Every structure is written in C-alpha cells, then in structure tokens.
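# Inside the fold
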Amino acid sequence: MVAVSILNLVKSFGSLVAVNDVTLEVREGETYGLLGPNGAGKTTTIKCLMGLLDPDTGTTSVYGVDSLDNPIEVKRLVGYVPEEHQLYDSLTPRELFEFIASIRELPEERTNKRIKEMVKAFDFEKYYDSMIVTLSQGNKQKTMLISALLHAPKLLILDEPFVGLDVRTTRMVKDIIKIHVESGGSVLLSTHIMEVAQGLCDRVGIIDDGVLVAEGSLAELRSQAHEESATLEKLFLRLTEQEEEVQVGVDALREALSE
Ligand SMILES: Nc1ncnc2c1ncn2[C@@H]1O[C@H](COP(=O)(O)OP(=O)(O)O)[C@@H](O)[C@H]1O
Ligand SMILES: [Mg+2]
C-alpha cells in the first residue's frame, strides 16, 4: 500500500501549465519532501491531491482512495495544514478544536484527551483561550497542527510548514513529523528551504516549472548528479539548472560590493 499516488497529473490555469505531467508516490511510513522554488507547482499539486482543485488530466489518491471520487474519505485519512491559514479569527483555539471535533463527529472523551495532551506537548495552555486573531504566526501554526491532528489521520500533509516559525516552534514541528512517522503514519511536506528537507525527508521530489525533474533519497540524487558529497541545496540548484545563474549573480554582487 502506498500513502499517496499521483499519476500523470496536469493542472493549468488558463494558458499557464502549473503542474505538468507529475507522477510521484509517497510510500507508507515515509516522510516525502516536495521541493521547488516559488511558483513551481507544489501547492497546486497538493490541492489536487486533497480534491480542492480539479485536475485537467491524471489521477491522485490517498491510501488507494481517489481524491475526486471520494473526497470525504480522503479528508478523513489526511491531516492537512495549508500554506495560507484559514482560521476563524474570532474563535479561541479551544472553540475551534471543539467545532472541528463536532463536525468530524469525533468521540468526545478520546478527542478531549488528545487535545489536552497536544496542548500540553505544544506548551500551548496559555494561548488556549485567546482569540486566534491575537496569536503570533508560530501559535497560529500550532493551532493549525493540532486541528489537523485531532482526528488521528494516517497521512499528514504540510504545505510550507516552517515559514515564519521561530527556532523552538520549528523544532517542535520537526518532532511532530518524526513522532507521526514513528507511530505508523506518513508525511508529505512541501518546502523551498533545503536544510529542512535534508535532515527530515526519506525521499524528495524536486519540482520546477510544474515538472518533476528528480526524485529519490539524498544518496540517490547525489549519484544521479555524479556529486558524491553535494548538499541538497547544491543538487537542487543543479537539477533546476539555476547553478550557473546563481554563480553569475554572486560574481556580480561581489563586484558591486567591492567597488
Ligand atoms: N488560482 C490560480 N490562478 C492562476 N494561477 C495560479 C493559481 N494558483 C496558482 N497559480 C500559478 O500556478 C503556478 C504554481 O503555483 P503554486 O502551485 O502555488 O506554486 P508553489 O506552491 O510551488 O509556490 C504559479 O505560477 C502560480 O502563479
Ligand atoms: Mg506553495
């Protein structure tokens, strides 16, 4: 069984092809990183997987459940933290969690216990009854994560989960990912920050201009690029053909700054 299967996915907006024939798989029990520069097509791919966008062609599924045929079952299997938070500003985290638990029809006692444990683990007690609108970016992200984990999903999908987080919250999100996988779950995350992916992901897919240009573990990507000790950042720049551009830019900067 695979956690995610994306097969020949194409999605365009007018004449712009945002996702161009992407095929990838997230294996059960792994952390998979979808990497690419801004505008590469990461969010669009994830939204198609969640059944939030209709693809032009291709299919996507989660644990064998087709995103378009059965979006409700997909949402049951997945805890999804989107890139842009759609939080209810005038609610408190407590009210939001209770609201989500009721619409998902989660068993009250078990869910309350789970909320309590997560709020404690996230060191979130003091914000639990504050209006969401007053929370910092990091605390909003914690609210989103707890919301996404309430129904104990098998797959966690995190779209750019580290943007705007301080060191401590970043560490906490990384730990959540690790614990989720250790307890049998799978993770799909998107990021444009290479250092994060290098330590966290079992395999990565590199997407550029809607096209998946490379896929594999760090070791596999190194051997594909004939670079035995390259960092993921270097491989990424090479595989997205930006290495020369970056060098030209650096040379120009050096010259400008030394004048
Ligand atoms: N709703 C939309 N309408 C038009 N263009 C869009 C829309 N959503 C995304 N795009 C375009 O599709 C491309 C891929 O976007 P996105 O998937 O958000 O990239 P990423 O998440 O990798 O930064 C970009 O060029 C973006 O401007
Ligand atoms: Mg995005």
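Computed from a prediction, not measured in an experiment: that's the story for all the values here.

Time to look at the sheet that holds strand β10 (residues 211-216). Sheet strands pair by backbone hydrogen bonding; their relative direction is either parallel or antiparallel. In spatial order, the strands read β6-β7-β8-β3-β9-β10; together these six strands make up an open sheet with mixed pairing. Looking at the sheet topology across the chains shown, the edges are occupied by β6 (78-81) and β10. Geometrically, the sheet is characterised by an average inter-axis angle of 15° between neighbouring strands, direction not taken into account. Contacting β6 and β7 (155-159), helix α5 (residues 137-149) runs over the sheet at an angle of about 165° to β6.

The next point concerns the packing of helix α3 (residues 93-103) against α5. In contact at an axis separation of 10 Å, α3 and α5 are set at 20° when each is read in the N-to-C sense. Taken together, α3 and α5 sit at an angle that is classed as roughly parallel. The crossing of α3 and α5 is right-handed. Contacts between α3 and α5 involve Pro 93, Leu 96, Phe 97 and Ile 100 from the first element and Thr 143, Ile 146 and Ser 147 from the second.

In this section: the site of ligand 1. Around ligand 1, the neighbouring residues are Phe 13, Leu 16, Ala 18, Gly 36, Asn 38, Gly 39, Ala 40, Gly 41, Lys 42, Thr 43 and Thr 44. Within the residue set of the shell around ligand 1, elements represented by two or more residues are β2 (16-27) and α1 (42-49). Here the element with the most residues in the shell around ligand 1 is α1; it accounts for three residues. Partitioning the shell around ligand 1 into residue classes produces four nonpolar, six polar and one charged.

Viewed as axis vectors pointing N to C, α5 and helix α6 (residues 167-182) meet at an angle of 15°, and their least axial separation amounts to 11 Å. In terms of orientation, α5 and α6 fall into the roughly parallel class. In terms of crossing hand, the pair formed by α5 and α6 is left-handed. Along the contact surface, α5 presents Gly 138, Gln 141, Lys 142 and Leu 145, while α6 presents Thr 169, Val 173 and Ile 176. Classifying every residue of the contact of α5 with α6 gives three nonpolar, three polar and one charged.

Calculation notes
Residues numbered from 1 in each chain as written. Chains lettered and ligands numbered in written order. Predicted model: local features only at pLDDT ≥ 70, side-chain atom pairs only at ≥ 80, totals over all residues. Pairing = 2+ DSSP bridges. Helix = DSSP H or I, 4+ residues; strand = E, 2+ residues; numbered from the N terminus. Axes fitted to C-alpha atoms, helices over the stretch in contact; angles between N-to-C directions. Contact = placed C-beta atoms within 7 Å. Parallel < 35°, antiparallel > 145°, perpendicular 65-115°, else oblique. Left-handed = near helix turned anticlockwise from the far one by under 90°. Near = placed C-beta within 6 Å. Nonpolar A, V, L, I, M, F, W, Y, C, P; charged D, E, K, R; others polar.

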